[in-house]
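Coordinates in review
The residues making up each chain are set out below.
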Amino acid sequence: MIKLDTKNTWCPGCGNFGVQKALEDAIEKIGVEKTVLVSGIGCHGKMCDYLDVKSVCALHGRAIPVSQGVKIGNSEYNVICSVGDGDTYNEGMEHFVHAAKRNADITLIVHDNRNFALTARQFTATSPRGFVGASTPKGSFEKPLNPLDLAFSCNASFIARGFSSKMDQLTDLIIQGVEHKGFSFIEILQPCVAWFNTFPVYNEKVYQIEGPLSYTEGREKAREWDYESDSPIATGLFYKEEREVEQQNRKEVSVDEILKSKI
Ligand SMILES: Cc1ncc(C[n+]2csc(CCOP(=O)(O)OP(=O)(O)O)c2C)c(N)n1
Ligand code: SF4
């Protein structure tokens, strides 16, 4: 068991409990000794305090480059980057874009509760229009971002979505993501019962797909729900492709070779 008996300070009923259970099961299966967990800052970031695994708690919005650094320096480890939606799609968004484009060999799991929760309900890129929070007292007027569609645009080589209440599926997606060579992205629907309780909607709308789909079908499926409509919400593996990864490029080139190379 890698679950520590540290005092847990998540709100009772928080979706993070489901993510933790899925992550625990996945790490136990892939091997605790071979795994490094990197977190961002926020409610999700407490995961490092709750699991007995090598971990780094990075700065808000900077967990992705820290994960890339850990992987480049320690290629024998599986690096799981566990972050929030504010952390990933707002603060430090550029890292998501480039890690996907570069096919960095890390697994990114995003606890998407669709608000900055630890700081008490500010809107994020995935909050729906009309979202009333501390920074949008009259309601957000911005159409939400669709992270899966963005991942397709950035050429992510593994694109999946899970739901914190469907823990077996989520465990399986995390394991598949870790086993994938390259950038694996798993967006997790994680209701925040304190500030944005999406459980009723997800319990009604979420369904599972058997993936991976083709690029065209996967992208179309990713666009089925735009993060504010009442359409069905697909979960599962949307897309996967094998591509050269960041580490392969870096390992074989010494500084001398770079200095000698012609531009
Ligand atoms: C650079 C920086 N900006 C702002 C903060 C303040 N801050 C701490 S947690 C947090 C919200 C985190 O939201 P999210 O990443 O969505 O995680 P959640 O709490 O929802 O799990 C913010 C804005 C910070 N710690 N560092
Ligand atoms: S504020 Fe929201 S995300 Fe944070 S612990 Fe409470 S329910 Fe979970």
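Treat the numbers as computed from the prediction; the structure is a model and nothing was measured.

We now examine the pairing of strand 1 (residues 35–39). Of all five residues in strand 1, five are buried; the element is thus mostly enclosed. Burial along strand 1 is two-sided: T35, L37 and S39 facing one way and V36 and V38 facing the other are all buried. Pairing analysis gives five bridges linking strand 1 to strand 3 (residues 78–84), with the strands arranged parallel. Counterpart to T35 in the pairing with strand 3 is N78. As paired strands, strand 1 and strand 2 (residues 54–57) are joined by four bridges and run parallel to one another. In the strand pairing of strand 2, L37 is matched with S55.

A few words on the site of ligand 2. In the vicinity of ligand 2, the residues found are W10, C11, C14, N16, C43, N113, A117, Q190, C192, V193, A194 and W195. Using a 2 Å cut-off from the grid points, one finds that ligand 2 occupies the second largest pocket.

The strand order across the open sheet formed by eight strands is 2-1-3-4-6-5-8-7, and the pairing between neighbours is mixed. Strands at the two margins of the open sheet, each flanked by one partner only, are strand 2 and strand 7 (206–208). The average angle at which neighbouring strand axes cross in this sheet is 20°, direction not considered. With three bridges connecting them, strand 7 and strand 8 (residues 233–240) associate as parallel partners. Each bridged residue has a counterpart across the sheet, and for Q208 the counterpart in strand 8 is T235. Packed onto the sheet, helix 3 (residues 63–73) meets strand 1, strand 2, strand 3 and strand 4 (107–112) and runs at close to 175° relative to strand 3.

Another point: the site of ligand 1. Around ligand 1, the surrounding shell holds 16 residues, and the nearest of these are C43, H44, G86, D87 and N113. Separating an oxygen atom of ligand 1 from a backbone N or O atom of L118 is a distance of 3.0 Å. In isolation ligand 1 exposes 590 Å². Once the protein is present, 73% of that is buried. When atom positions are compared with the pocket grids, ligand 1 is found to occupy the largest pocket. Of the residues contributing to the shell around ligand 1, the split by class is five nonpolar, eight polar and three charged.

Moving on, we come to unusual backbone geometry. Residues G211 and P212 are joined by a peptide bond in cis, for which omega reads 0°. With respect to the element layout, P212 can be found in the loop between strand 7 and helix 9 (215–222). Even without being a glycine, R114 presents a positive backbone phi close to 60°. One non-glycine residue, Y227, lies in positive phi territory at about 70°. Since its relative accessible area comes to 0%, Y227 is described here as buried.

Quick notes on the rules
Residues numbered from 1 in each chain as written. Chains lettered and ligands numbered in written order. Predicted model: local features only at pLDDT ≥ 70, side-chain atom pairs only at ≥ 80, totals over all residues. Heavy atoms only, no water. Buried < 20%, exposed > 50% of the residue type's maximum accessible area, 1.4 Å probe, protein only. Helix = DSSP H or I, 4+ residues; strand = E, 2+ residues; numbered from the N terminus. Pairing = 2+ DSSP bridges. Near = heavy atom within 4 Å. 1 Å grid on protein atoms, 1.4 Å probe; cavity = no way out; pocket = protein on both sides within 12 Å on 5 of 7 lines; lining within 4 Å. Sits in = over half its atoms within 2 Å of the grid points. Axes fitted to C-alpha atoms, helices over the stretch in contact; angles between N-to-C directions. Contact = heavy atoms within 4.5 Å. Polar contact = N/O pair within 3.5 Å; in protein donor to acceptor, adjacent residues only side chain to side chain. Areas by Shrake-Rupley, 256 points an atom, 1.4 Å probe, with all protein chains shown as cover. Nonpolar A, V, L, I, M, F, W, Y, C, P; charged D, E, K, R; others polar.

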